[in-house]
Structures are given as C-alpha cells and as structure tokens.
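# Results of the structural survey
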Amino acid sequence: MKLQNEFTVPAPVERAWEVMLDVERVAPCLPGAAIESSDGDEHVGTMAIKIGPITSRFRGTVRVLEADVRSRRAVMRAQAKDQKGQGTAAATITSTMEEVAGGTRVH
C-alpha cells in the first residue's frame, strides 16, 4: 500500500530538516509512539495503532537509511512485531522538503 501526504511547517527548510531527522523529538508527535533507546541512526520503540475497536501495540525499530541534505530527501525504515505475537508491520518512509513562502513543504 502506498500512502502520500504533504504539509507545510512555518520554519526555514534548514530547521525543518534538522527536526525531521531527530527521531526522538518527532516520535512524541505521533499519538501512541515512544522511543525507548537509540544507537546512532537506529531507534527502538513502541507504537499503538487503533483501527475502530481494535488496538494493536507494536515494538520495533526505526532506522534512518538515507539523509541527503543537498536534495532534502530522507528515507527511514520501520519494522515491528505485535507485542502479543500476532503479526508484524513494516514501512519505508520517504520524505522530501522544499522551501515555500512562509516555511517548508514536506512531501
């Protein structure tokens, strides 16, 4: 499945880039996410996802695979297992940034 989203933040592209790569700082912005430990570009944490009446809790890693400051392109890979042992989840997140009037657009 491929999901796409874009949003604008009221900050210069240099600052937005710094913050996006700070996984420990960004994780609390995602409801149900928490970072437990970090080692370089790999972060271990948990994430709760609720779909209708069902809540799943996952534990896994997020790793920064690519961070190209010149093109403002970052690629992260998340992999996790359900804490009850009922499944796995994985995602590759590719983000790009561009300077726009009033801030930075993130795709």
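You'll find the structure just up there.
Figured I'd write up the structure that's included with this text. Everything quoted here is computed from the prediction, not taken from an experiment. (Residues numbered from 1 in each chain as written. Predicted model: local features only at pLDDT ≥ 70, side-chain atom pairs only at ≥ 80, totals over all residues. Heavy atoms only, no water.)

## Some points on the pairing of strand E3 (residues 42–51)
Using the following cut-off: Only strands joined by at least two bridges in the DSSP assignment are considered to pair. Secondary structure elements follow DSSP: runs of H or I no shorter than four residues count as helices, runs of E no shorter than two count as strands, and numbering proceeds from the N terminus.
Where strand E2 (residues 33–39) and E3 come together, 6 bridges link them in antiparallel fashion. Each bridged residue has a counterpart across the sheet, and for Asp39 the counterpart in E3 is Glu42. Once E2 ends, the chain turns through 2 residues before running back antiparallel as E3, passing Gly40 with a positive phi of about 70°. Two strands pair when backbone bridges link them, and E3 and strand E4 (residues 54–68) are joined in this way by 10 bridges, in the antiparallel orientation. When the bridges of E4 are listed, Lys50 appears paired with Thr55. From the end of E3 to the start of E4, which pair antiparallel, there are 2 residues, and Gly52 there has a positive phi angle of about 60°.

## Description of unusual backbone geometry
The phi torsion at Arg72 lies on the positive side, around 55°, for a residue other than glycine. Assignment of secondary structure puts Arg72 in the loop between E4 and strand E5 (73–82).

## Looking at the environment of His43
Applicable threshold: Three labels apply to residues, based on accessible area from a 1.4 Å probe with only protein chains included: buried if under 20% of the type maximum, exposed if over 50%, partly exposed otherwise in between. Whether two residues are in contact is decided by their heavy atoms, any of which lying within 4.5 Å being enough.
As for its position among the elements, His43 is in strand E3. The exposure class assigned to His43 is buried, which follows from its relative accessible area of 6%. With 20 residues separating them along the chain, His43 and Arg63 place their C-alpha atoms 6.3 Å apart. Those residues in contact with His43 that sit more than four places away from it in its chain are Val23, Glu24, Ile35, Ser37, Ser38, Gly60, Thr61 and Val62.

## Thoughts on a nonpolar patch on the surface
Cut-off, in case you're wondering: Patch membership needs two things, relative accessible area over 30% and no salt bridge, and members are linked within 9 Å if like-charged or within 5 Å if nonpolar (Val, Leu, Ile, Met, Phe, Trp, Tyr). To measure how exposed things are, a 1.4 Å probe is used in the Shrake-Rupley method; for residues, cover is taken only from the protein chains shown. In what follows, salt bridge is the name for a side-chain nitrogen of Lys or Arg lying within 4 Å of a carboxyl oxygen of Asp or Glu.
Together, Leu30, Met47, Ile49 and Ile51 give the surface a local cluster of nonpolar side chains, amounting to about 350 Å² of exposed area. As for its position among the elements, Ile49 is in strand E3. Of the residues examined, Ile49 reaches a relative accessible area of 36% and is grouped as partly exposed.

## Concerning the side chain of Asp82
Tracing the chain through its elements places Asp82 in strand E5. Apart from residues lying up to four places away in sequence, Asp82 is in contact with Ser56, Arg57, Phe58 and Gly87.

## As for the nonpolar core
For soluble globular proteins, nonpolar side chains are generally found buried alongside one another. The condition that has to hold: Think of a nonpolar core as a cluster: buried Ala, Val, Leu, Ile, Met, Phe, Trp, Tyr and Cys residues, connected wherever their side-chain atoms sit within 4.5 Å.
Membership of the largest hydrophobic core is limited to 7 residues, which are Val13, Ala16, Trp17, Met20, Ala74, Met97 and Val106. If one sorts the elements of this core by residue count, helix H1 (residues 13–20) sits on top with 4 residues. Setting aside chain neighbours within four positions, we find Met20 in contact with Val26, Ala74, Met76, Ser95 and Met97.

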